[in-house]
Amino acid sequence: MSIFLLIAGQLVRLSLIDRNALLELVDRQHSLVVEIKQSRGRILDRNMKELAMNIKVPSIYAVPRIIRDKEKMAGTLSSILGKDKSFILSRLERDKAFVWLDRHATQKQAEAIRDLKSPKLGIVYENKRLYPNGELFANIIGFCDIDNQGIEGIEMTYDKFLKGRPGYRFTKRDALGREVVAFEEKLVPPVDGASISLTIDQYIQYLTERSLDEAFKKYKAKGAMAVVMNPHTGEILAMANRPTFNPNESISGDPAERRNRTITDIYEPGSVFKIVTAAAAYAEKKVSLTDQFDCEKGTWYITKRRVIHDVHPYGMLTFPQVMQKSSNIGTVKIAMRLGEKGLYEYIRKFGFGQPTGIDLPGEINGIVHPLNKWSKISITSVPYGHEVAATTMQMLTAVSVVANGGRLVRPFMIREIKDAQNVVLKSTEPMVRQMVLEEEIAETISDILRQVVDEGTGKSAQIKGIKVAGKTGTSQKLEGGTYSHSKFVGSFVGFAPADNPMLAMIVMIDEPRGAYYGGVVAAPVFQEVIEGSLRYLGYFPNEELKSGVQSIKNDKQTETAAKKVATSPANPTLVVAPAGRSN
Amino acid sequence: MPMKNLMSLIVSITFVMLCYVHLQTEVFRVSYSIAEKEKRLSQLSDHYRELRFEVSKLKSLNYLDKKRREKDVALVAPEKVRTIRIPMASPRITEDPGISSEYTPILKKSLTSVLGVIKEAQAKMSR
């Protein structure tokens, strides 16, 4: 009887008195919430080639509280993981239930850890962002940290689109902690990150990086940059920086190497800026093509203390010849006809001193002093690109005004952002910021720039059978408030084919050694990249057309190829308005 | 008689309970099997992703260029390029009257003729 009462009492206690506590215990022991990792969004080029991918890699952890012989364990782990024994020992000596030993280890290391069959060690598989092209695109795309968070470039700026959201599975587990799938109570599916398609073309990017790298190494330069753009739409087809980094390797070293300097760094553009001065004076009808300017045999004393020099002594030069020979004196005389106010207005119209609006992080304004801050000698400096500072992107956008018939376009690199269900979250359409020049004016300036390449300082940019327009630039760097005589920036900006431009490009070599003229260090890069890119886009030089089977007229061919640049499978409706000019 | 009924009831209940237990064990067994297969699937997809990454890496232009340099293959862009444009209009397809474009398996044909029950869907023109 007493046993019966004891059992009955126990039953009452378990089922009534301790009911809630026991239910809670059961719930704690059997309920399981499994996090379902989402996949970070892909980054694709304009032809849908993957530029950033995710793979799972093992990360190794330990449970220090249950490790007895820490010294021995540290020794074993040190040989497997290739890490310092003291580092591992310091981790194992922490009074914790969980410590990371190696995040993103190799499969081989994980296998070795698994072979130890130690309950004190564990392996967790984590997503890792990898970039199949290595250094290619590195400064544009950026990279992610160990927790897969974007910390540079597109990875950082568009992190909210790329990262997605993890899902959860509320389910039950058995006594051994194994999940019982059939008892799943609730499923919150993960939301994978959105895919970002860029305007970049992998092949043009490769050509650009290859040529730029060669020039960078050849001239032992401090830095180098290049951007290729469709001048009609503002689509960036390639953007390269040197020095650069490999985002697949552990990121260390100078953070400057990781910047996209084409939009974050400014420089005095030098002679390439003469395009703005010439276009402004011609647009305002202050000069005509036959006007002559006395270039003072290379040395012009404006005041006793202000002297302007040309590289070569010139006498009388016509307006186009001033550009062709890149005469500083001639350019200042052209600017003086226009006046400070007129020049300033056009500098602003060409987009200097303000961001281009490119959809990348860290773009800066550049420096254009307001008119009231101009000194008396500013009009003798600004016309050839001194006292102003611009990014390479600003300079390229400005030259595109001449290439596309007078429109200042907004450059862009993000074509489309689509979620995992292919719903378009964001897409970019080409945008004209403002009309800067009339079409005829742009056409004339384009002709002058063609002469620069045909007969002037930009001969190294010539491409057999293709008309090229462009301007060289060589500027001295400012050092301690004065212009250095040993540190230069050589640049070239231009477009091709000159009669119906498909591609505009800028090349900038910072502090080259051995040679420093833009026509020598930068123009060959332009020539190599543009020739290769035009071939790739289906445009072939005239001579070859004549000897080939093809009989389609050049203009028609250019138009077709231009459409190829401007359209893509993802955005077939985007059609470029061709400049419609021919020489 | 009531004893017989009681026995039947006990047997039935026992049977039902055994079925229940069996079902429960099956649920667990199938769950473990699903979990195992899910794990395998996940491993295979991870491996697939790894291989896809390797393929992308091997196909990347800078890697190919590096290999080209290593192997010293003197590849250069052609000096003369001949472009042959292929007409975009779709070519006219003429059908050989000797060969029927329709194919029906012999067994299916005979079944159709004998039973007359197998019908094939026919697309109709909208009016």
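Residues numbered from 1 in each chain as written. Chains lettered and ligands numbered in written order. Predicted model: local features only at pLDDT ≥ 70, side-chain atom pairs only at ≥ 80, totals over all residues. Heavy atoms only, no water.

**Re the overall build of chain B**
- Assigned secondary structure in chain B consists of 3 helices and 0 strands.
- Listed N to C, the secondary structure of chain B is α-α-α in terms of helices and strands.
- A total of about 12,100 Å² of accessible surface is found on chain B, and carbon and sulfur atoms cover 65% of it. (Helix = DSSP H or I, 4+ residues; strand = E, 2+ residues; numbered from the N terminus. Areas by Shrake-Rupley, 256 points an atom, 1.4 Å probe, with all protein chains shown as cover.)

**Observations concerning the overall build of chain A**
- Helices and strands together make up the secondary structure of chain A, namely 20 helices and 24 strands.
- Along the first, second and third principal axes, the C-alpha atoms of chain A reach 130 × 50 × 50 Å.
- Long-range pairs, those at least 24 residues apart, make up 71% of the contacts in chain A with a sequence separation of at least 6.
- Accessible area of chain A: about 25,600 Å², with a carbon and sulfur share of 52%.
- Of the charged side chains in chain A, 78 are positive and 66 negative, and the gap between their average positions amounts to 2 Å. (Contact = heavy atoms within 4.5 Å. Lys, Arg positive; Asp, Glu negative; His and termini not counted. Charge placed at Lys NZ, Arg CZ, Asp CG, Glu CD.)

**Focus on the layout of surface pockets**
- The volume enclosed by the largest pocket comes to roughly 1,900 Å³.
- Taken together, 44 residues make up the lining of the largest pocket; nearest its centre are A:K56, A:Y125, B:K39, B:S42 and B:D46.
- Broken down by secondary-structure element, the contributors of at least two residues to the lining of the largest pocket are β1 (31–36), β3 (50–62), α5 (107–116) and β5 (121–130) of chain A together with α1 (2–59) of chain B.
- Taken as a whole, the second largest pocket encloses approximately 950 Å³ of empty space.
- Those elements that place two or more of their residues in the lining of the second largest pocket are β14 (307–309), β22 (469–479), β23 (482–496) and α17 (518–521) of chain A.
- In terms of residues, the lining of the second largest pocket owes the most to one element, β22(A), which gives 5 residues.
- Within the lining of the second largest pocket, the residues separate by chemical class into 11 nonpolar, 18 polar and 6 charged. (1 Å grid on protein atoms, 1.4 Å probe; cavity = no way out; pocket = protein on both sides within 12 Å on 5 of 7 lines; lining within 4 Å. Points joined across faces, edges and corners; volume = space filled by probe spheres on them. Nonpolar A, V, L, I, M, F, W, Y, C, P; charged D, E, K, R; others polar.)

**A word on a nonpolar patch on the surface**
Residue and element names in this part refer to chain B.
- Residues M3, L6, M7, L9, I10, I13 and M17 make up a contiguous nonpolar surface patch of about 700 Å² in total accessible area.
- Here M17 shows up in helix α1.
- A relative accessible area of 53% places M17 in the exposed class. (Patch = residues over 30% accessible without salt bridge, like charges linked within 9 Å, V, L, I, M, F, W, Y side chains within 5 Å. Salt bridge = Lys/Arg side-chain N within 4 Å of Asp/Glu carboxyl O. Buried < 20%, exposed > 50% of the residue type's maximum accessible area, 1.4 Å probe, protein only.)

**Considerations on the pattern of salt bridges**
All names here are of chain A.
- Scanning the model with the defined rule gives 41 salt bridges over all chains in all.
- Residue R129 is joined to E155 by a salt bridge in which the shortest nitrogen-to-oxygen separation is 2.8 Å. Highlighted residues: R129 in strand β5 and E155 in helix α7 (residues 153–157), separated in sequence by 26 residues. E155 shares its class with R129; the two are buried.
- Here D213 and R242 are joined by a salt bridge, their closest N and O atoms 2.6 Å apart. Within this pair, whereas D213 is found in helix α9 (residues 202–218), its partner R242 is found in strand β11 (residues 236–242), the two being separated by 29 residues in sequence. Both residues of the pair, D213 and R242, count as buried.

**Regarding the pairing of β23(A)**
All names here are of chain A.
- Here β22 pairs with β23 via 10 bridges, running antiparallel. In the strand pairing of β23, A469 is matched with F495.
- Here β22 folds back onto β23 in antiparallel fashion, the turn holding 2 residues, of which G480 has a positive phi close to 60 degrees.
- With 8 bridges connecting them, β23 and strand β24 (residues 503–510) associate as antiparallel partners. (Pairing = 2+ DSSP bridges.)

**Here's the deal with the confidence of the model for chain B**
Residue and element names in this part refer to chain B.
- Residue-level pLDDT values for chain B average 73, and 59% of them are 70 or greater.
- For chain B, the element scoring lowest by mean pLDDT is helix α3 (residues 106–115), at 47; α1 scores highest, at 91.
- The model gives residues 90–127 a pLDDT under 50, and that stretch makes 9 contacts with residues more than four places away or in other chains.
- We note a pTM of 0.79 for the whole complex and an ipTM of 0.74 for its interfaces. (pLDDT = per-residue confidence, 0-100.)

**A word on the packing of α9(A) against helix α18 (residues 523–536) of chain A**
All names here are of chain A.
- Following both chains from N to C, one finds α9 and α18 inclined at 160 degrees, their axes separated by 9 Å at the closest point. The pairing of α9 with α18 is recorded here as roughly antiparallel in orientation. The way α9 lies across α18 gives a crossing that is right-handed. Taking contact as the criterion, the partners of Y203, I204, L207, T208, R210, S211, L212, E214 and A215 in α9 are, on α18, V525, E528, V529, G532, S533 and Y536. (Axes fitted to C-alpha atoms, helices over the stretch in contact; angles between N-to-C directions. Parallel < 35°, antiparallel > 145°, perpendicular 65-115°, else oblique. Left-handed = near helix turned anticlockwise from the far one by under 90°.)

**Points about the nonpolar core**
All names here are of chain A.
- Residues I154, F350, F352, L437 and L449 are the most contacted members of the largest nonpolar core, which totals 92 residues.
- Here I154 is in contact with I43, I140, I141, D159, L162, I196, L198, L360, M413 and I414, once residues within four sequence places are set aside.
- The next biggest cluster of nonpolar side chains, apart from the first, holds 35 residues, and it includes L237, I463, A522 and V529. (Core = buried A, V, L, I, M, F, W, Y, C linked by side-chain atoms within 4.5 Å.)

**Things to note about the sheet that holds β22(A)**
Residues and elements named next belong to chain A.
- Strands sit in the order β11-β10-β24-β23-β22 across an open sheet of 5 strands; the sheet is antiparallel. The open sheet is flanked by β11 and β22, the only strands paired with a single partner. Pairwise comparison of adjacent strand axes, ignoring direction, gives a mean angle of 10 degrees for this sheet.
- Running over the sheet, helix α16 (residues 439–455) touches β22 and β23 and is turned about 75 degrees from β22.

**Concerning the packing of aromatic side chains**
Residues and elements named next belong to chain A.
- Enumeration according to the criterion identifies 15 aromatic pairs over all chains in this entry.
- With 4.7 Å between their ring centres and 40 degrees between their planes, Y203 and Y536 make a pair best called tilted. Placement of Y203 in helix α9 and of Y536 in helix α18 is noted, with a sequence separation of 333 residues between them.
- Exposure remark for Y536: the relative accessible area of 28% places this residue in the partly exposed category.
- Here the aromatic rings of Y282 and F319 are separated by 5.9 Å at their centres, their planes lie at 15 degrees, and the arrangement is stacked. Of this pair, Y282 sits in helix α11 (residues 274–283) while F319 sits in helix α12 (residues 319–325), and the two are 37 residues apart along the sequence. Here Y282 and F319 have matching classes, each one buried.
- The ring of W100 has R103 sitting right over it, with the charged end atom 4.6 Å from the ring centre.
- Between the NZ or CZ atom of K333 and the centre of the ring of W300, over which it lies, the distance is 4.7 Å. (Phe/Tyr/Trp six-rings, centres within 6.5 Å; stacked < 30°, edge-to-face > 60°. Lys NZ or Arg CZ within 6 Å of the ring centre and 35° of its normal.)

**Regarding the side chain of A:S400**
Residues and elements named next belong to chain A.
- Of note, S400 is situated in helix α15 (residues 392–403).
- Within the local environment of S400, its side chain forms a polar contact with the backbone oxygen of L396, the two atoms lying 2.9 Å apart.
- Those residues in contact with S400 that lie beyond four places of it in its chain are M229, P231, R407 and A504. (Polar contact = N/O pair within 3.5 Å; in protein donor to acceptor, adjacent residues only side chain to side chain.)

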